[in-house]
Amino acid sequence: MLRLFNILAVVLLITSAVYAYTIKYQTAYRYEQIAKTKIEIKAERDAIAVLRAEWAYMTRPERLQQLADQYLPELASLQVPQIVTVTSIPERAAHGDAIAGKLDAMGLGAGESSATDITGSIPKTAPKSAAKPDPALSTASTRKRQKP
Amino acid sequence: MMHESRDPLHDPAAPATTPAQKPAAWQGLMRDMFSTGIDKSPSRMRIAALGFFALYGLVCGKLIYLGFRPDPGTGQHAAAKAVSASRPDILDRNGEVLASDVKVMSVFAEPRKLIDKDEATELLTAVLPDVNALELRNRLATKKGFVWVKREVTPHQRDEVFHLGLPGVGLIAENKRVYPNGPIGAHVLGFANIDNAGIAGIEKYIDGQGLADLHTMGFAATPEDLKPINLSLDIRATHALRDELNKGVEHFKAKAGAAAIMDVNTGEVIALASLPDYDPNKPTDALDPLHINRMNVGVYEMGSTFKALTIAMALDSGKINLNSQLDARGALSFGRFKIHDYHAQNRALTVPEVFTYSSNIGTARMAMGQGVEKHKTFLRKMGQLSRMRTELPESAEPLYPKNWSELNTMTIAFGHGLAVAPLQAMMAVGALMNGGYLMTPTFIKRSEADARRSAEQVIKPETSEAMRYLMRLNAEIGTAKKVDIDGYFVGGKTGTAEKVIGGRYSKNRLFTTFMAVAPADQPKYLFLTIMDEPQGLPETGGYATAAYNSGHVTGEIIQRVGPILGLAPRFDPPHQPFPLLAKLGYGMANAPATGGHGH
């Protein structure tokens with residue numbers, strides 16, 4: 001009984017010693033890692049500072065103006081009359097879909113239901129008139145109809 | 001104590017020490033020391049204890065001595081003290097970098113650790129050719145713990161020094177201040193020296209804000225602790241302003257020129273340029289007296305621009321109103337002096353006419369109507385008689401006559417006889433425009449609320465509106481037509497002063513100023529351009545007065561800078577730009593101006 005206890009104690013001792021040893025070395029390792037990372041962070045920060053300064057140097061207005069004068073001779077500086085308010089911009093003239101126009105001319109016109117506005121999206125009224133809830137479906141069906 | 005009595009030296013029973021007995025006593029002592037008799041033990045013990053005590057005392061003493069001795073310091077430690085400290089970044093109002101620190105390597109040596117100084121000198125000068133060998137040898141010969149060999153070396157030189165592997169020679173990273181925009185905004189930024197201490201401009205101001213104290217106390221601030229400083233400057237607007245000014249100065253062959261834009265509601269200086277200028281990356285250039293900041297450091301007679309102040313004073317006192325008539329028939333005589341008008345009309349002029357014809361006689365009469373004391377008090381209230389202090393350490397005291405006579409009041413009324421810094425005049429005109437709040441111009445970004453808190457109401461809002469009306473009228477039909485840029489509703493005033501050469505006003509050496517406000521109904525920006533001795537050109541009909549040069553440049557600046565500053569042009573003139581005046585019964589202020597006089 002006593003012997004077993006002794007053995008147990010010795011094993012426990014050795015285990016705890018090994019554990020303490022590992023912990024200690026892990027800590028040292030971590031410390032080293034932290035120190036290394038700190039140095040890396042510092043180097044990165046310095047690099048960022050240099051890059052920021054360089055960016056500011058490369059994009060300084062004086063240089064940009066020089067480059068613009070050199071490579072964009074057709075561009076002049078902004079004149080006041082070029083600035084207009086949003087309301088003074090005329091509505092864009094409704095221009096027809098060129099392909100649809102050709103199709104119409106050929107007598108293959110899909111009619112009103114496939115008419116799209118200038119952004120190419122399907123007008124809200126289109127599905128209603130086609131009595132179909134899904135605009136995607138409606139275009140698919142019109143295309144099918146155009147096929148023959 | 002018993003054993004002590006047996007000590008033969010002190011034993012009273014021992015025979016008296018006669019000269020003959022001395023050797024015998026000595027022998028006795030020696031015998032006592034080295035005999036192995038048990039009775040001799042205590043004295044030996046004592047001797048040994050004393051010996052050990054002395055030994056340990058020595059060790060302790062040395063330890064204490066070492067502890068108290070000042071730390072000789074390693075080279076790295078001394079170097080850390082000597083390197084240039086970090087400075088906060090300086091940004092413009094939109095966050096563009098105006099000044100920043102970059103890391104560079106510097107070479108230092110610790111003479112006490114150098115083994116062969118001659119060899120070190122030889123090797124170092126071979127790698128760093130621009131270091132004077134003799135001087136370096138002398139520096140290394142000192143007994144100092146730390147000396148610089150060369151600061152700010154190139155990466156290639158750094159590697160070469162490293163590969164020399166000299167003991168006692170080291171490398172350390174330092175901060176170097178860089179100004180990526182070069183001369184743009186240089187006069188505001190100032191510069192820092194090789195130790196990264198602020199020498200001029202905002203850089204010096206930053207040091208005054210506690211950074212320098214921090215450094216001397218040994219807290220080397222890391223870049224992360226330092227919050228960047230946002231200036232009021234807009235670097236793009238500053239560039240555009242400088243570019244237009246540069247064109248103007250070259251075109252009109254002026255000796256020098258300066259221009260600035262101020263936000264009248266916050267007192268922020270949005271752009272400032274003074275030509276000729278310098279690159280803060282080469283600080284030696286800044287010392288050239290030609291390169292001073294003419295906006296802040298030079299004092300000039302502002303000429304007719306000052307008439308705005310005189311008229312505002314007269315209107316604010318209530319003694320005259322916009323409809324008052326002033327006698328401008330013929331020259332105004334005072335003693336042996338005669339005051340003439342440049343655009344003489346030889347009739348009675350209303351107040352708006354006095355302004356648009358820039359009548360010296362009319363303004364002189366207005367100032368006389370107030371009297372010398374009131375005139376002085378008003379100018380003092382407007383901050384024109386004392387040194388204006390902004391964040392910039394450089395400033396100038398205004399020049400004015402010590403004995404201020406009636407004649408002085410008459411001439412100062414139209415801007416002759418009182419010399420102020422142009423930025424100071426901007427402060428006063430800004431107050432005339434913004435509703436009457438006098439605010440010291442600032443170079444640090446601030447909000448309108450902050451500016452209002454420290455501002456003092458110097459004139460009534462109605463007077464301010466009347467002044468804006470006059471400025472606008474002057475741009476429509478008066479001397480400031482050059483700045484009537486469509487859409488910006490600009491108001492302006494010219495000023496041409498004759499320079500004093502050898503104590504006399506010179507007819508052909510002019511100093512021209514131009515002050516403009518945009519938009520005149522809701523004032524936002526105040527523009528000032530000054531030019532030193534611009535020349536008349538064939539296309540200006542040989543005239544070199546303000547409207548042709550400074551006025552022209554200001555017009556160009558407004559056109560170019562307007563979109564950058566987000567000043568929206570309006571193509572329908574404001575319906576009722578001056579509501580207060582309309583309420584006071586000056587309906588004409590809101591109607592389009594008629595008549596076509598003035599230049």
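In this text, all values refer to a predicted model and were calculated from it rather than measured experimentally.

## So, the overall build of chain B
Stage number 1. Along its length, chain B carries 19 helices and 20 strands.
Stage number 2. Across the 599 residues of chain B, 46% fall into the buried class.
Stage number 3. Sequence-distant contacts in chain B: of pairs separated by 6 or more residues, those separated by 24 or more amount to 70%.

## Looking at the packing of helix α9 (residues 235-251) of chain B against helix α18 (residues 550-564) of chain B
All names here are of chain B.
Stage number 1. Two elements in contact, α9 and α18, have axes whose closest approach is 9 Å; the angle formed by their N-to-C orientations is 155 degrees. Here α9 is positioned roughly antiparallel relative to α18, judged by the angle of their axes. At the point where α9 passes α18, the crossing takes the right-handed sense. On the side of α9, the interface is formed by Arg-236, Ala-237, Ala-240, Leu-241, Glu-244, Leu-245 and Gly-248, while α18 contributes His-552, Val-553, Glu-556, Ile-557, Arg-560, Val-561 and Ile-564.
Stage number 2. Looking at the contact of α9 with α18 residue by residue, the classes come out as eight nonpolar, two polar and four charged.

## A closer look at the nonpolar core
All names here are of chain B.
Stage number 1. Counting residues in each nonpolar core, the largest one holds 141 residues, and the members touching the most others are Leu-241, Ala-260, Ile-261, Ile-311, Val-490, Leu-526 and Ile-558.
Stage number 2. Among the elements that take part in this core, helix α15 (residues 422-433) stands out by supplying nine residues, more than any other.
Stage number 3. Membership of the second largest hydrophobic core comes to 13 residues, among which are Phe-108, Leu-140, Val-153 and Val-169.

## Here we look at the confidence of the model for chain B
Caution applies to low-pLDDT regions: their predicted coordinates should not be interpreted in detail.
All names here are of chain B.
Stage number 1. Of all residues in chain B, 89% have pLDDT values of 70 or greater, and the mean over the chain is 84.
Stage number 2. Low confidence marks residues 1-17, where pLDDT is under 50. Its contacts with residues over four positions away, or in another chain, come to eleven contacts.
Stage number 3. We note a pTM of 0.75 for the whole complex and an ipTM of 0.71 for its interfaces.

## So, the packing of helix α10 (residues 307-317) of chain B against helix α12 (residues 360-370) of chain B
Each pair of packed helices can be described by the angle between their axes along with the distance between the axes.
Residues and elements named next belong to chain B.
Stage number 1. Contact pair α10 / α12: the axes reach a minimum separation of 9 Å and the direction vectors enclose 45 degrees. With respect to α12, the axis of α10 lies oblique. By crossing handedness, the relation of α10 to α12 is classed as left-handed. Two secondary-structure elements touch here, α10 through Lys-307, Thr-310, Ile-311, Met-313, Ala-314 and Ser-317 and α12 through Thr-363, Met-366, Ala-367, Gly-369 and Gln-370.

## Focus: the environment of B:Phe514
All names here are of chain B.
Stage number 1. The residue Phe-514 is located in strand β19 (residues 504-518) in this model.
Stage number 2. Classification of Phe-514 by C-beta neighbours within 10 Å gives buried; the count is 30.
Stage number 3. In sequence terms Phe-514 and Leu-528 are 14 residues apart; their C-alpha atoms lie 5.5 Å from each other.
Stage number 4. If we skip the residues at most four places from it in the chain, Phe-514 touches Gly-492, Thr-494, Gly-495, Thr-529, Ala-546, Ser-550, Gly-551 and Thr-554.

Scoring rules and cut-offs
- Residues numbered from 1 in each chain as written.
- Chains lettered and ligands numbered in written order.
- Predicted model: local features only at pLDDT ≥ 70, side-chain atom pairs only at ≥ 80, totals over all residues.
- Helix = DSSP H or I, 4+ residues; strand = E, 2+ residues; numbered from the N terminus.
- Buried ≥ 20, exposed ≤ 12 C-beta atoms within 10 Å, placed from the backbone.
- Contact = placed C-beta atoms within 7 Å.
- Axes fitted to C-alpha atoms, helices over the stretch in contact; angles between N-to-C directions.
- Parallel < 35°, antiparallel > 145°, perpendicular 65-115°, else oblique.
- Left-handed = near helix turned anticlockwise from the far one by under 90°.
- Nonpolar A, V, L, I, M, F, W, Y, C, P; charged D, E, K, R; others polar.
- Core = buried A, V, L, I, M, F, W, Y, C linked by C-beta atoms within 7 Å.
- pLDDT = per-residue confidence, 0-100.

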